[in-house]
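Letter by letter, the chains look like this.
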Amino acid sequence: MLKKLIAGLGIVACAAFAVQTVKANMPPTPSAAAAPTPQILPKPATNSTADHSKFKELQKDFATGPDVTKACLTCHTEAAKQIQKTTHWTWEYLNPETKQRLGKKTIVNNFCTSVQSNYEFCTACHVGYGWKDQHFDFTAQENVDCLVCHDTTGTYRKIPGLAGHPAYKEMEYPPHSGKMVPAVNLKLVAQNIGKSSRRTCGACHFYGGGGDAVKHGDLDSSMTNPGKYLDVHMDKAGLNFSCATCHMTSGHQVPGSRYSMTKDGGDVGRMHMRGKQDANPETCIACHGNKPHPEKVGRLNNHTANIACQTCHIPEFARGGKATKMLWDWSTAGKLDKDGKPFSLKDSGGNESYNSKKGDFVDETNVIPEYIWFNGRIDYTLRETKLDPAHVIKINSFEGSPTDGKSKIWPIKLFKGKQPYDVGSNMLVVFHTYGKDDSALWSNFNWDKAIEFGMKEIGAQYSGKYAFVSTEMSWPITHMVAPKGDALTCKQCHAPDVGIGRLDKVPGIYMPGRRANPLLDLAGWGIAALTLIGVLLHGAGRIYMARKGH
Amino acid sequence: MWKVAIGFVAGIALVGIVALNIMDQMMFKEHLSPFGFEETIARIQHNIADSPELKAKGWALSGLRNPAKAVQADGSNVLPVQMIEVCSTKYSGPILKEDTVRFLSILMPCKISVYKKQDGKTYIGTMNAGLMGKFFGPVVSPIMSKVAEDQKKFLEFDPSKPAPAIILPAAPAAGGGAGGGGGGC
């Protein structure tokens, strides 16, 4: 009998493990260093009244991107002027709350750290052509790149190192990789322009920080054609949202910025209102409202005042199989192999764990976010900010508290790093990574030269001595919204099986069951059970004695 | 007399409750991994594949299966989980030859499950082969005892060694098999 019971248990157990009949799955493939080699995509269905291939202006061969732009502007006379007012063009943002001047143009982060002194490389993600140094002409309309957002062929690709230009002739990229990038056919691309898409937005936003999935954690190439499990709104077989469905654009202004986050959609007055709440469209409540849950689970609506939708509905990020960087340690960069050549190492999942040019990395998939109180205000450590190198430097600080009446609990990616600072001034430094000169870190692996060059380039003083400081940067998690069935369950915060709930580190909240302890639970239930038994026995005894006539 | 009877029944009930509560922990073991998800998988695989001792005992990786993939295909999410499949024909052979215990083929190949939990940590799940073997008589019991001993070696990590790469299955088998076919059952 026991044998059968055990056999039965074994069968059930094995069945539980082996019931899946899936094909063997490969672990996450290594992140590509750049966007994939383009192939011509099928023409998207469109109800446009214009076929651009029939436009005379576009029926010629173009030598450069700016030549195409000139042709575009003959009809779209205001387009470049509109673009030139956007942060996509200026890479500059003045935060009205903090008065801090932010944007890629000036900020120092803890990924590639700074655009300054590295323009030719970084401006592969600028919506313009020719930004190779500080003297870029931001007023020249032909410098606007129309194709990077409007290409539908999938063949248009801006190559790092070409100051925002695509390859006009076949070239090897990455250098010394043996991989050839074909020359772009500008005529083909220009004749096939269309609306922006997940692919065009993703060409930069999925690859921020130098590779696929590196920076955001909730944006990577798996979002180009996501399944329902990855993003319930963008599911290619379902709602099939493009980025612009939420980041609804008007006059080329794209709402939604991490520099000045929209906490709850209530900041009426920002651009592009729509939806039930007459609020900013890139927020959840613009469509879902403040009481999004149906009556039968109406209790969940009590949470919406204090908990961002993302907290429950994005249970993990980097869920698409692409590992996101969680740590970047620049201090170990510069090691060379026995032949004096740079090298790289990979971790068990095939992601780069060391690169002589960049240092050590830690990558992770399916990351459980950190949770914080956030009221929409973000303060940055700027390059000019005095820092205390004895402590971890917060590149940005999300402000909020449980008592300010404005904050909600938000999920974030906490990205850690180590980067150089000036020991003399106790400020972050700008260093020169890429260039065809002798000072670029990626060419000579000499920090002294790279920092000296970078600081000179921005006109800042440098004491000549550097060291490395630990840094942290927070990234709001707001994409990769899971289907409702995968949202956090009550017990994942309130009565966690593992002892500590998701919101354990969030201060200022009382949550029954936030720290479950099996032994304490057992003791409590044991006492309750013994009490019950005692009462029953006592009652039974009294009845018994009463019947006996005592 | 009735006190004895009540005590006896209560004792049986208590033992039953305790047994039910700890049965799962006896049959299966869960270990906290000191490494990340991918590294845990890779280190277990290499412990098996690179050990001359285990190789001599016939152990070989036979697959790497991802149950989470099917859930994803169905439009939902679960935290990462991968099952390392490993087998030794030297152990499986005698069991498969014996009609009375052939049903145990359902436990083959041996599986080591690596998974993440809500606390963000990586865990390793194994079957308590030694205990299970004890219930199946003279053919199975000694074999499973040896399997249990070898299982411990699968999980002996040397942190001083650099993280190896995951050994991917050679090719997915038709019908959702684990692929690989590197050896085993």
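Refer to the structure presented above.
Keep in mind the model is a prediction, meaning the values are calculated, not measured.

Asker: How should I be thinking about the overall build of chain B in this particular structure?
Answerer: Scanning chain B for helices and strands turns up seven helices and five strands. What you see in chain B, going N to C, is helices and strands ordered as α-β-α-α-β-α-β-α-β-β-α-α. Its C-alpha atoms give chain B principal-axis dimensions of about 70 × 40 × 40 Å. Buried residues in chain B amount to 46% of all 185 residues. Considering only residue pairs separated by 6 or more positions, chain B has 70% of its internal contacts joining residues 24 or more positions apart.

Asker: Looking at this model, I keep getting lost on the pattern of salt bridges. Mind explaining?
Answerer: Side chains carrying opposite charge are able to pair once their charged atoms draw close together. Residues and elements named next belong to chain A. Taken as a whole and judged by the stated rule, the model has 21 salt bridges over all chains. For Lys 449, the salt bridge is made with Asp 438, and the minimal N-O distance between the two is 2.5 Å. Taken together, the positions of Lys 449 in helix α13 (residues 447–457) and Asp 438 in the loop between β14 (427–428) and α12 (441–444) put the pair 11 residues apart, joining distant regions of the chain. Using a relative accessible area of 34% as the deciding quantity, one classes Lys 449 as partly exposed.

Asker: Could you clarify how one ought to interpret the environment of B:Ala163 in this entry?
Answerer: Within the secondary structure, B:Ala163 sits in the segment after α7 (137–154). Distance in space between the C-alpha atoms of B:Ala163 and B:Lys29 is 24 Å, their sequence separation being 134 residues. Not counting chain neighbours up to four residues away, the residues in contact with B:Ala163 comprise A:Ser348, B:Glu39 and B:Arg43.

Asker: Just to check I follow, could you spell out the state of the cysteines for this structure?
Answerer: Here, disulfide denotes a covalent bond that connects the sulfur atoms of two cysteines. Residues and elements named next belong to chain A. The tally for this structure, following the rule as stated, stands at one disulfide over all chains. Disulfide pairing is shown between Cys 125 and Cys 204; the S-S distance is 2.4 Å. Taking the sign of the torsion about the S-S bond as the criterion, the disulfide between Cys 125 and Cys 204, at about -110°, is left-handed. Placement of Cys 125 in the loop between α5 (119–122) and α6 (147–150) and of Cys 204 in helix α8 (residues 198–205) is noted, with a sequence separation of 79 residues between them. Judged by its relative accessible area of 32%, Cys 125 falls in the partly exposed class. Looking at the unpaired Cys 75, the closest cysteine sulfur is the one in Cys 72, lying at 8.9 Å. Residue Cys 75 is classed as exposed on the basis of its relative accessible area of 53%. Note on Cys 309: no disulfide assigned, nearest cysteine sulfur contributed by Cys 284 at a separation of 4.1 Å.

Asker: Would you explain the packing of aromatic side chains in this entry?
Answerer: Each pair of aromatic rings is reported with the distance of its centres and the angle of its planes. Tallied over the full model, the rule gives 28 aromatic pairs over all chains. Both rings, one in A:Trp328 and one in A:Phe361, keep their centres 5.1 Å apart while their planes meet at 80°; by these two values the pair is edge-to-face. In this pair, A:Trp328 is assigned in strand β5 (residues 324–329) and A:Phe361 in strand β8 (residues 359–364), connecting sequence segments 33 residues apart. Residue A:Phe361 is classed as buried on the basis of its relative accessible area, which comes to 7%. Judged by centre distance (6.2 Å) and plane angle (15°), the ring pair of B:Tyr115 and B:Tyr123 falls under stacked. There is no split in this pair, since B:Tyr115 and B:Tyr123 are both buried. Taken together through their ring pairs, the aromatic side chains of A:Phe111, A:Trp328, A:Trp330, A:Phe361, A:Phe415, A:Phe431, A:Trp447, A:Tyr466, A:Phe468 and A:Trp475 make up a single cluster.

Asker: When you look at the sheet that holds strand β2 (residues 59–65) of chain B in this model, what are you seeing that I'm missing?
Answerer: To summarise the sheet geometry, strands pair through backbone hydrogen bonds and adopt either a parallel or an antiparallel arrangement. Residue and element names in this part refer to chain B. Read from one edge of the open sheet, five strands run β1-β5-β4-β3-β2, paired in antiparallel fashion. Edge positions in the sheet fall to β1 (28–32) and β2, since each of these pairs with one other strand and no more. The average undirected angle you get between the axes of adjacent strands in this sheet is 25°. In the sheet, strand β3 (residues 81–88) pairs with strand β4 (residues 110–116) via six bridges, with the strands oriented antiparallel. By the bridge assignment for β4, Gln 82 is matched with Val 114. Across the sheet, helix α2 (residues 37–49) is in contact with β2, β3, β4 and β5 (122–127); its angle to β4 comes to roughly 160°.

The rules behind each value
- Residues numbered from 1 in each chain as written.
- Chains lettered and ligands numbered in written order.
- Predicted model: local features only at pLDDT ≥ 70, side-chain atom pairs only at ≥ 80, totals over all residues.
- Heavy atoms only, no water.
- Helix = DSSP H or I, 4+ residues; strand = E, 2+ residues; numbered from the N terminus.
- Buried < 20%, exposed > 50% of the residue type's maximum accessible area, 1.4 Å probe, protein only.
- Contact = heavy atoms within 4.5 Å.
- Salt bridge = Lys/Arg side-chain N within 4 Å of Asp/Glu carboxyl O.
- Disulfide = S-S within 2.5 Å.
- Phe/Tyr/Trp six-rings, centres within 6.5 Å; stacked < 30°, edge-to-face > 60°.
- Pairing = 2+ DSSP bridges.
- Axes fitted to C-alpha atoms, helices over the stretch in contact; angles between N-to-C directions.

Read these as layout, nothing more, since geometry by itself doesn't imply function.
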